[in-house]
Structure formats: structure tokens, C-alpha cells
Amino acid sequence: MTSNISEFFLGGVAAMGACLFTNPLEVVKTRVQLQGELKARGSYQRHYRNVFHAFYTIGRYDGLTALQKGLTPALWYQLFMNGIRLGTYQCFVNMGLTKNAKGDVSILRSVGAGAVAGCAGAFVGSPFYLVKTHMQSHASEQIAVGFQHRHSGLASAFKQIHSNGGILGLWRGVTGALPRVTIGSAVQLSTFSGSKELVKKMEIFPANSILVPLCASMAGGVLVVCCMTPFDVISTRLYNQGLDSKGKGLYYSGFLDCFWKILKREGPLGFYKGWSASWFRLAPHTVLSLVFWDETRKIYKKVQKSLGS
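## A short note on the pattern of salt bridges
Applying the stated rule across the entire model yields 9 salt bridges. Here Lys 132 ties to Glu 26 by a salt bridge, and the two come within 2.7 Å at their closest N and O atoms. With Lys 132 in helix H4 (residues 107-137) and Glu 26 in helix H1 (residues 4-34), this residue pair connects regions lying 106 residues apart in the sequence. For the pair Lys 132 and Glu 26, one class covers both residues: buried. For the salt bridge of Asp 232 with Arg 180, the shortest nitrogen-to-oxygen distance reads 2.6 Å. Of this pair, Asp 232 sits in helix H7 (residues 211-240) while Arg 180 sits in helix H6 (residues 174-202), placing them 52 residues apart in sequence. As far as burial versus exposure is concerned, Asp 232 and Arg 180 are alike and both buried. Shared partners join several salt bridges into a network, and the residues in it are Glu 26, Lys 29, Lys 132, Arg 180 and Asp 232.

Okay, structure coming up:
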């Protein structure tokens, strides 16, 4: 059995691998979610009409390399957040906490384990997500949306944020991240566990086939988008807002304030702004991270077995 400590590292490495492919979609998603912030539909200029137009627009005005903006903090975020999240969840699985008395995977237990794991991961990785959002939202004046932060790198960003808000400033916006990742993890990980168990029992593919976790993670990706997008929008807004001279948020005082302002000024559909961008990013990231996670654990077990023999 893979040791519990190694689960944290394997989970983080798997998520970092997925991030290399999906970071451009994260940049697009962030821009679309900030577009028309606290403005009624039709009252603002839409720089990004859809996901594909956003790719074209960013490449035209900011350059193709801008599609990988925030990659460094994004990779660190994936290592810490998903290392804790996936590692903690797998520890629960290893201890049998996600199964019922009959030994079968319990959906309710898996949801609870996924929620706890996601909450822990979101808190630890929050400072990196904060910087990532700042860097990904920064754009040329012609296509800028949301508050524009200017950081030259991860270290300078941490230094600037710390000087303005102290150590707690690095966790500004975490109130939006906790429900976002907690709910997303509960849906994603429980769906993956249940789907994987079902696919195995149906014996459609060989037991060790990569198609088993692939099918399970595809199902998880769809549900994550439906449940997580409203919290994702709120989280992005909280992280990206600027500060006044007293260190308070310019637009929102917290999670609930952000929720009510979006509902009042943008309507219910404001919570699903950038839904397509979220799907294009979350679905493949879910597939890649969970498949990589499953495969890296297999590789680790083979290496561990060969070294022990």
C-alpha cells in the first residue's frame, strides 16, 4: 500500500502535470469571469465574446506567451493545494473511511472525505492562488478587465502583498476559496471514486486500463462545473479586487457581500459568467489530474515493489 506521506507528493505532482496543459484555459477563465464586474448585462464592452475569441484576443494584444501568465504560482498552487487535497483524500481511502460496512464505496462518505480534503488544500494553497489570479488578470489596456495588479514575479508579489496587508494579507480571499474547492472536491472526488468502482464492476475495460480512471474523471468534470462555477466566480472576484488606503477591499467585504452584489447587479446568470470557459478548463483539468494521479500511484507502487524485491 502506498504510504500516506507519499500520497501528498503524488497528488501534487499529478496536478502540476495537468496544470502545464490547462493553464492557458485558466487565464481565459479568469479574464471572462472578471469581465463586466458588477455591471448589468449589455452595459459594458465585451472584450472576450467566448472562449475561442478570448484566446485570439489575448494572443493578439498580449502575445501568445500571455496565455501562460501566472504559470509559476499556478504550479506551486497545484503542488500544495492538490497535494494536500488528493493526498488527504487518498489517506481516507487507505484507512477505509470512504467505504461502508459491506466494504463498498459509500457516496456520502466519499463526499464528506472530499469536502474535508478540499478545504484543507484550499487553505494551504490560497496565497499562491491569490498571486496567480493577480498575474493572470493583468492585461494590455485595450483588453483589461477587473482590477489590474502589477507583479514582476512570485517573490515580488508576496513581498508587495505582505507589505500592504501583513501575513494575513496573503490569505485575503480565502473565504471564497474554501467553499469553492470544498464543494468542487466533494463532487469531483466522490464522483471519481463511485464512477471508477462502477466501471470496474461492469468489466468494460481491463482492470489496469487507463480508460477506467479516464471515464470516471470525465463524469466528475461535468458535475464539478455545474456545482462549482458560482463559487469560482465569487472566488476570482474576491482574490482580484484592489485595496483602499486602509487595506480593505474596494468592492467586497467578504463572501456574502460579494454574493449579494453579483446577484443584485448582474443577476443570477452573473454567477455563471464564463461557464463555458470554466468547462473548457475544469473538465480537462479534472481528467488530466485524476488520470495522472491514478497512474503516478501505479508507477510508485511498481518502483517500490521492485526496490523491495
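## Some points on unusual backbone geometry
A positive phi angle, near 55 degrees, is found at Leu 38, a position not held by glycine. Mapped onto the elements of the fold, Leu 38 is located in the loop between H1 and helix H2 (51-61).

## A look at helix H5 (residues 154-169)
Helix length check: H5 (16 residues) gives 15 Å between terminal C-alpha atoms against 22 Å at 1.5 Å per residue, more than 12% under. A maximum bend of about 95 degrees is found in H5 at Ser 163. Here H5 has its buried residues at Leu 154, Ala 157, Ile 161 and Gly 169. Elements that come into contact with the buried residues of H5 comprise helix H3 (71-94) and H4.

## Let's talk about the environment of Trp 260
Its location among the elements puts Trp 260 in helix H8 (residues 255-266). Under the relative-accessibility criterion, Trp 260 is labelled exposed at 53%. It is 22 Å that separates the C-alpha atoms of Trp 260 and Lys 29, two residues lying 231 residues apart in sequence.

## Section: the packing of H4 against H5
Closest axis-to-axis distance for the H4/H5 pair is 11 Å, and the angle between their directions is 120 degrees. In terms of their interaxial angle, H4 and H5 are classed as oblique. Taken as a pair, H4 and H5 cross one another with a handedness that is right-handed. Taking contact as the criterion, the partners of Pro 127, Phe 128, Leu 130, Val 131 and His 134 in H4 are, on H5, Leu 154, Ala 157, Phe 158, Ile 161 and Gly 169. A class-by-class count of the residues in the contact of H4 with H5 yields 8 nonpolar, 2 polar and no charged.

## Some thoughts on the state of the cysteines
This structure, assessed with the given rule, holds 0 disulfides. Here Cys 91 stays free of any disulfide, with the sulfur of Cys 119 as its closest cysteine sulfur at 16 Å. Among the residues examined, Cys 91 registers a relative accessible area of 9% and is labelled buried. Here Cys 227 is not disulfide-linked; the sulfur of Cys 226 is the nearest cysteine sulfur, at 6.3 Å.

## Quick look at the layout of surface pockets
Estimates place the volume of the largest pocket at around 660 Å³. Every residue lining the largest pocket is counted, 25 residues in all, and those nearest its centre are Gln 90, Lys 196, Lys 200, Asp 294 and Arg 297. For the lining of the largest pocket, the per-class residue count stands at 8 nonpolar, 7 polar and 10 charged. Quantified by volume, the second largest pocket comes out at close to 350 Å³.

Conventions and cut-offs
- Residues numbered from 1 in each chain as written.
- Predicted model: local features only at pLDDT ≥ 70, side-chain atom pairs only at ≥ 80, totals over all residues.
- Heavy atoms only, no water.
- Salt bridge = Lys/Arg side-chain N within 4 Å of Asp/Glu carboxyl O.
- Helix = DSSP H or I, 4+ residues; strand = E, 2+ residues; numbered from the N terminus.
- Buried < 20%, exposed > 50% of the residue type's maximum accessible area, 1.4 Å probe, protein only.
- Expected span 1.5 Å × (residues − 1).
- Bend = angle between axes of the 7 residues up to and from the residue.
- Contact = heavy atoms within 4.5 Å.
- Axes fitted to C-alpha atoms, helices over the stretch in contact; angles between N-to-C directions.
- Parallel < 35°, antiparallel > 145°, perpendicular 65-115°, else oblique.
- Left-handed = near helix turned anticlockwise from the far one by under 90°.
- Nonpolar A, V, L, I, M, F, W, Y, C, P; charged D, E, K, R; others polar.
- Disulfide = S-S within 2.5 Å.
- 1 Å grid on protein atoms, 1.4 Å probe; cavity = no way out; pocket = protein on both sides within 12 Å on 5 of 7 lines; lining within 4 Å.
- Points joined across faces, edges and corners; volume = space filled by probe spheres on them.

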